Amino acid sequence: MKPVLLVINALDVRDEATALFAGRPVWQETLRRIASLSEGCDLLLVCHEGESLLPEACDVPQTRLSGYGAHAVLSTLQHNHSGYEWYVFLDISAVFMDPGLVTAFLGTGRHRIAQYVYGEHYPKGIAPQVLSAEALAILAGVSSGNDFRFGEEAIFDLMGLDINSWDIEMVVSETDFRRMRLDLRIRSAEALARMKALLAIDPGLVDDWSYERLARCLREHVGILRTVPAYVELDLVDACQLSCHYCPRSVREDLVPEQSVSLDDLGRLVKDLRRFAPDATIALSPYSEPLLHPQAETAIRMILDSGLRLVLETNGIALDEKLAALLASADPERSIIIFSPDFSDPERFAREKGASLLPLVEANIERLLALRQRNVWIQAIQFEADDANLDAFYERWKAHEDAILPRKYNNWCQCIPGRPAVDLSPLVRTPCWHLARDLVIRADGRVPMCKQDLECRVSPGNVFRDGLEAVWAGLERQWQEQCADPAFQGLPLCAPCDEWHTYNF
């Protein structure tokens, strides 16, 4: 029996894999590192039959599959590439991989007589997955009825169907990178920008492949977490039918009810995002009711057609049959709809929100849920010492309890009275996720520092006038100040904020 087959996943290779890493394409550098393990190991590149980014002659044996499912991969390995003791799974875009970890993980599997070895607390794209021949044969059968898309989570997800039946060993990273939510596989504009930043900080990473050196660089340079916008919150219109006392609109003094984003401006923004941050999510709306835009249907369709992910947060009042049909037809993997009734008692709804419209809201929610259930959420706000409201809300929507989304109370940097029901803030404060990933755009194009900056006290400009890249770059200084100042003494707006640890995608 041969010792090891190194299985290189190129099923869903992205354009970014052809970008240069110190003069070589990312895919070529990854194969160069993997090939250093070739003594005693065979290599196999698993590609989709329609794949054209990788050259045919890349000196690695290939198998081409018609689909992307785990069953196709595992059964092909079992039937056409049997006779190995171990199968090691790697990614073609894992350009920062340390071949030494493959050796270490294999050693763990042999020493512990494990069926599966995986890494915990590593950034994605660093730790290999090691599977025994026995486990491969079992999973090839199990996957036939549970055909997950083949990727980093597929093997563990299949084992999770009966987790206690497996001998699994976990190798834990000395540094816990979970908080940084890093994906070092070069599969997005964000990852590509981060790769360039890492090489600029430490060019030695090209020749020193050790995970220890990479981990040290990541720990010491947290600023690289900010690359391109990941979550763009856009106010389509500066208006709402409700007057919730806990809404930031209740304290904003710059409201311009007639202000709305033109379709031309929206089109330019979408185009710029597709070029600059193609994996970004557009969220409607941070402060207002997006369905009040005079051309809401066209605007939503424009975003959906662009390929960007859409998050639509609405009070539901204006969700008519036509809009419901549009949202029901949207890809649920690329569109998320969040309703915010917040309460289930009509009197409480009227008192807190200023209008007796709960029956209409609930009817509109039910209409969409009858057409589509996946990624449709019903939001309830969590006030301090108000468990009765949440209990009643769960009772009202028990038929859709998996869709209930409790929402943390936000006092907008103490601009609004009240506190969250539970303080979930980590004990040690770290740089704000929203400064690293989010971009907020008002209906008139102004960009505040973050959603909490209600008065636009810190603004890099106007996105419709100055451009997407310019306003994003204009907030880099505030991010770097937070990285350098853990106590955030230099940013008065940040000191009272308790949203810094929350995360959007």
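Residues numbered from 1 in each chain as written. Predicted model: local features only at pLDDT ≥ 70, side-chain atom pairs only at ≥ 80, totals over all residues. Heavy atoms only, no water.

Engineer: What exactly am I supposed to notice about the packing of aromatic side chains here?
Structural biologist: For any pair of aromatic rings, the description consists of the separation of the ring centres together with the inter-plane angle of the planes. Enumeration over the complete set of coordinates arrives at 13 aromatic pairs. Consider the rings of Y287 and W412, whose centres lie 6.3 Å apart with planes at 40°: the pair is tilted. Taken together, the residues Y287 in the loop between β11 (281-284) and α9 (296-306) and W412 in the loop between β15 (404-408) and α14 (433-437) connect sequence positions 125 residues apart. Take Y287 and W412: they sit in the same class, and that class is buried. Aromatic ring contacts, followed pair by pair, group Y246, F343, F383 and Y409 into a single cluster. Directly above the aromatic system of Y287 lies the positively charged group of R252, at a separation of 5.1 Å from the ring centroid. (Phe/Tyr/Trp six-rings, centres within 6.5 Å; stacked < 30°, edge-to-face > 60°. Helix = DSSP H or I, 4+ residues; strand = E, 2+ residues; numbered from the N terminus. Buried < 20%, exposed > 50% of the residue type's maximum accessible area, 1.4 Å probe, protein only. Lys NZ or Arg CZ within 6 Å of the ring centre and 35° of its normal.)

Engineer: Looking at this structure, how should I read the packing of helix α10 (residues 321-329) against helix α12 (residues 358-371)?
Structural biologist: How two helices sit against one another is set out by the angle between their axes and by the gap between those axes. Where α10 meets α12, the axes come as close as 9 Å, and the angle between the chain directions of the two elements is 35°. Here the hand of the crossing between α10 and α12 comes out right-handed. Note on element contacts: α12 touches α10 through R367, L368 and L371, opposite E321, A324, A325, L327 and A328. The residue inventory of the contact of α10 with α12, partitioned by class, reads six nonpolar, no polar and two charged. (Axes fitted to C-alpha atoms, helices over the stretch in contact; angles between N-to-C directions. Left-handed = near helix turned anticlockwise from the far one by under 90°. Contact = heavy atoms within 4.5 Å. Nonpolar A, V, L, I, M, F, W, Y, C, P; charged D, E, K, R; others polar.)

Engineer: Honestly, the pattern of salt bridges in this entry has me stumped. Any pointers?
Structural biologist: Between side chains of opposite charge, pairing is possible as soon as their charged atoms come close. Applying the stated criterion across every chain, the model contains 35 salt bridges. Linking R213 and D202 is a salt bridge whose minimum nitrogen-to-oxygen distance equals 2.8 Å. Separated by 11 residues along the polypeptide, R213 in helix α7 (residues 211-220) and D202 in the loop between α6 (189-201) and α7 bring together distant segments of the chain. Judged by relative accessible area, which is 23%, R213 ranks as partly exposed. Residue D202 is classed as buried on the basis of its relative accessible area of 14%. For R396, the salt bridge is made with E362, and the minimal N-O distance between the two is 3.3 Å. Residue R396 is found in helix α13 (residues 387-396), and its partner E362 is found in helix α12; the two are separated by 34 residues along the sequence. Residue class for E362 comes out buried when judged on its relative accessible area of 14%. Look at the salt bridges and you will find they share partners, linking D12, R14, R149 and R187 into a network. (Salt bridge = Lys/Arg side-chain N within 4 Å of Asp/Glu carboxyl O.)

Engineer: Explain the pairing of strand β10 (residues 231-234) here, please?
Structural biologist: The side chains of a regular strand alternate between both faces of the sheet. Residues Y231 and E233 line one face of β10 and the alternating positions V232 and L234 line the opposite face, and both faces are buried. Bridging between β10 and β11 involves three bridges; their strand directions are parallel. The residue bridging V232 from the neighbouring strand is I282, located in β11. Taking the sense of rotation as the criterion, the β-α-β connection linking β10, helix α8 (residues 263-276) and β11 turns out right-handed. By the bridge criterion, four bridges tie β10 to strand β16 (residues 438-441) in an arrangement that is parallel. Residue pairing for β16: V232 is matched across the bridge by L439. (Pairing = 2+ DSSP bridges. Right-handed = clockwise from strand over helix to strand, strands pointing away.)

Engineer: Hey, could you run me through the side chain of Q379 in this one?
Structural biologist: Here Q379 lies in strand β14 (residues 376-382). When its relative accessible area of 5% is taken as the criterion, Q379 is described as buried. In this structure the side chain of Q379 is engaged in a polar contact, spanning 3.0 Å, whose partner is the side chain of E313. (Polar contact = N/O pair within 3.5 Å; in protein donor to acceptor, adjacent residues only side chain to side chain.)

Engineer: Looking at this structure, I do not really get unusual backbone geometry. What am I missing?
Structural biologist: Cis peptide bonds are those with omega within 30 degrees of zero, and the linkage from L284 to S285 qualifies with 0°. Here S285 is to be found in the loop between β11 and α9. In this structure, H121 is a non-glycine residue whose phi angle is positive, near 75°. Within the secondary structure layout, H121 lies in the loop between β7 (116-120) and β8 (129-132). For H121, a relative accessible area of 17% corresponds to the buried category. Positive phi, close to 70°, is recorded for Q414, a residue that is not glycine. Looking at the secondary structure, you find Q414 in the loop between β15 and α14.

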